[in-house]
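Residue-level listing of the chains:
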Amino acid sequence: MTNSSPATRNIPGRFLQKTCTVVVVFCGLHLSVTMLYYFNTFEIIKNSVFAANSQQAKNINVSTVYPTTMLQTVKESTAPFKRESVETKTKELEQCPETSPLLVGPLRIEFSEPVDLEEVKKQNPALQGGGRFTPKDCKALQKVAVIIPFRQREEHLKYWLYYLHPILQRQQLDYGVYVVHQNGDETFNRAKLLNVGYAEALKEYDYDCFVFSDVDLIPMDDRNIYKCFGQPRHLSVSMDKFGFSLPYTQFFGGVSSLSKEQYVKINGFPNNYWGWGGEDDDIYNRIVSKGMGISRPDGIIGKCRMIRHNRDVKNEPNPQRFDRIARTRETMNSDGINSLSYKVVEIKKNTLFTEIIVDIGSPGR
Ligand code: BGC
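Quick caveat, the model's predicted, so the values are computed rather than measured. (Residues numbered from 1 in each chain as written. Predicted model: local features only at pLDDT ≥ 70, side-chain atom pairs only at ≥ 80, totals over all residues. Heavy atoms only, no water.)

Caption draft 1: Just helix α9 (residues 279-289), in detail. Of all 11 residues in α9, eight are buried; the element is thus mostly enclosed. Those residues of α9 that sit buried are Glu279, Asp280, Asp281, Asp282, Ile283, Tyr284, Arg286 and Ile287. Remark: glycine 291 follows α9 within two positions and exhibits a positive phi of approximately 80°. (Buried < 20%, exposed > 50% of the residue type's maximum accessible area, 1.4 Å probe, protein only. Helix = DSSP H or I, 4+ residues; strand = E, 2+ residues; numbered from the N terminus.)

Caption draft 2: Region of the structure containing the site of the ligand. Around the ligand sit Phe242, Tyr248, Phe251, Trp276, Gly277, Gly278, Asp280 and Asp281, and that is every residue in its neighbourhood. Aspartate 280 places a side-chain nitrogen or oxygen 2.5 Å from an oxygen atom of the ligand. Taking aspartate 281, its side chain carries an N or O atom lying 2.6 Å from an oxygen atom of the ligand. Contact with the protein chains removes 78% of the 310 Å² of surface that the ligand exposes when unbound. Taking a 2 Å distance to the grid points as the criterion, the majority of the atoms of the ligand fall inside the largest pocket. When grouped by side-chain class, the residues that make up the shell around the ligand number four nonpolar, two polar and two charged. (Near = heavy atom within 4 Å. Polar contact = N/O pair within 3.5 Å; in protein donor to acceptor, adjacent residues only side chain to side chain. Areas by Shrake-Rupley, 256 points an atom, 1.4 Å probe, with all protein chains shown as cover. 1 Å grid on protein atoms, 1.4 Å probe; cavity = no way out; pocket = protein on both sides within 12 Å on 5 of 7 lines; lining within 4 Å. Sits in = over half its atoms within 2 Å of the grid points. Nonpolar A, V, L, I, M, F, W, Y, C, P; charged D, E, K, R; others polar.)

Caption draft 3: Layout of the nonpolar core. In this structure, Leu157, Trp160, Leu168, Tyr175 and Val177 are the most contacted members of the largest nonpolar core, which totals 41 residues. Elements supplying a minimum of two residues to this core: β2 (143-150), α6 (154-170), β3 (174-182), β4 (209-213), β5 (217-219) and β9 (303-306). No other element matches the eight residues that α6 contributes to this core. Ignoring any residue separated from it by four or fewer positions in sequence, one finds tyrosine 175 in contact with Leu127, Gly131, Arg132, Phe133, Val144, His165, Leu168, Gln169 and Tyr207. With 30 residues, the next largest nonpolar core counts Tyr207, Phe252, Tyr263 and Phe269 among its residues. (Core = buried A, V, L, I, M, F, W, Y, C linked by side-chain atoms within 4.5 Å. Contact = heavy atoms within 4.5 Å.)

Caption draft 4: Spatial organisation of the layout of surface pockets. Taken as a whole, the largest pocket holds about 820 Å³ of empty space. Taken together, 36 residues line the largest pocket, and the ones lying closest to its centre are Arg190, Asp214, Lys241, Trp276 and Asn315. Broken down by class, the residue content of the lining of the largest pocket amounts to 15 nonpolar, nine polar and 12 charged. (Points joined across faces, edges and corners; volume = space filled by probe spheres on them.)

Caption draft 5: Structural view of the pattern of salt bridges. On inspection of all chains with the given rule, the structure shows 20 salt bridges. Ionic pairing is found between aspartate 222 and arginine 170, a salt bridge with its closest N-O pair at 2.8 Å. Of this pair, aspartate 222 sits in the loop between β5 and β6 (233-234) while arginine 170 sits in helix α6, and the two are 52 residues apart along the sequence. Exposure remark for aspartate 222: the relative accessible area of 0% places this residue in the buried category. Here aspartate 323 makes a salt bridge to arginine 327, at a shortest N to O gap of 4.0 Å. Its relative accessible area of 47% is what places aspartate 323 among the partly exposed residues. Given the relative accessible area of 32%, arginine 327 is considered partly exposed. Among the charged side chains, a network of salt bridges with common partners joins Arg153, Asp216 and Asp312. (Salt bridge = Lys/Arg side-chain N within 4 Å of Asp/Glu carboxyl O.)

Caption draft 6: Quick look at the packing of aromatic side chains. One pass over the full model with this rule turns up 15 aromatic pairs. Ring geometry for phenylalanine 111 and tyrosine 163: centres 6.3 Å apart, planes at 85°, overall edge-to-face. In this pair, phenylalanine 111 is assigned in the loop between α4 (68-90) and α5 (117-123) and tyrosine 163 in helix α6, connecting sequence segments 52 residues apart. Considering the side-chain rings of phenylalanine 212 and tyrosine 263, the 6.1 Å spacing of their centres and the 20° angle between planes classify their relative orientation as stacked. Note that phenylalanine 212 is positioned in strand β4 and tyrosine 263 in helix α8 (residues 260-265), a separation of 51 residues in sequence. By relative accessible area, phenylalanine 212 is classed as buried at 1%. An aromatic cluster is defined as three or more aromatic residues linked by ring pairs; in this entry it consists of Tyr178, Tyr198, Tyr205, Tyr207, Phe210, Phe212, Tyr263 and Phe269. (Phe/Tyr/Trp six-rings, centres within 6.5 Å; stacked < 30°, edge-to-face > 60°.)

Caption draft 7: Structural context of empty space enclosed by the protein. On inspection of all chains with the given rule, the structure shows three cavities of 30 Å³ or more. Considering only enclosed or pocket space, the largest cavity measures out at about 60 Å³ in volume. Considering the residues around the largest cavity, the lining is formed by Pro270, Asn272, Tyr273, Asp282, Arg286, Arg324, Arg327, Thr331 and Asp335.

Caption draft 8: Seen up close, unusual backbone geometry. For glutamine 152, which is not glycine, the phi torsion reads 50° and is therefore positive. We classify glutamine 152 as exposed; its relative accessible area is 61%. Phi is positive for lysine 314, which is not a glycine, with a value near 60°. Along the chain, lysine 314 turns up in the loop between β9 and α10 (321-326). For lysine 314, a relative accessible area of 35% translates into the label partly exposed.

Caption draft 9: Up close: α6. For α6, which comprises 17 residues, the first-to-last C-alpha distance of 25 Å matches the rise-based estimate of 24 Å (1.5 Å per residue) to within 8%. Of all the bends in α6, the largest measures some 30° and sits at leucine 164, one to four residues before the proline proline 166. Within α6, burial applies to His156, Leu157, Tyr159, Trp160, Leu161, Tyr163, Leu164, His165, Ile167, Leu168 and Gln169. In this structure, the buried side of α6 is in contact with α5, β1 (132-133), β2, β3, β4 and β5. Following α6 by one or two positions, glutamine 172 adopts a phi angle in the positive range, close to 55°. (Expected span 1.5 Å × (residues − 1). Bend = angle between axes of the 7 residues up to and from the residue.)

Here is the structure:
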């Protein structure tokens, strides 16, 4: 039996107690450090959520609110998005080629089946309202307003829209179709309606080229481009009505195109040819008297069909036309776009065209 003092007898117990205390203190310390870290992190998250929300709500200019370092973080996090949107905005389309690769050449044109305009709309999904179209893959070389003088030829207009929209799109033109509808039942005045079309189209868009087309003429080849050239262009050079040839060398009727510059140079078209005939000869005279010539496609590419019809009521041959044509040089500087007056009755936006209903007065007014 060992004879030991009480103090000596308690040594293992005290050692155990000390160890326990150290362990408890260590655990306590560990717990507090963990909690401290936890609360700090929570506070950071709370702050950043608030910053984002307040920015959203008030649309604050970040550069005035955040210190530089934080601003850099904001910039970096939104940078890829920003860069992409700027690129999309400023990405310049390449110019369309001089000759569109979409052209197919000769076309079969016939007028036996009636046209359903709802179908035409479905077949031309890329059209914007008002008969506007812009190529989406390249930048068009010209902005073309196609002007059609019109009255009571709904069926012809349907054929025109059916055939021309796909052609003009294949020609990669930035174009708009304007149907200028003479209001009332006064004698028809083709050239004055064309002047109205020019003036009204320019109010809508910065067109640089104007194609003037009768409603009943359809090109038989999409290589006959409805755009402007160095000289005023006669496009309907080979009409079935005239046995696919020109009726006379100076003929400028049917479909023609003039750049804005060429049109202004001749003071536009005459306003005082009421009834059928002569106005196109007057336009020809204006062009020649200003030192310009006529450009034309060849007789194959320039083939076109006319929709047969009876002479319109209130568009009888104008008996004054011979006299007027003889005096073009005297009258052209005072009669033209500079003396044009008319009243727009209504402008209707159809998917396939813009209709301008206009009051152009009557002969002698
Ligand atoms: C008229 C023109 C017409 C041409 C062809 C001429 O006598 O003056 O306006 O375009 O005949 O029909």
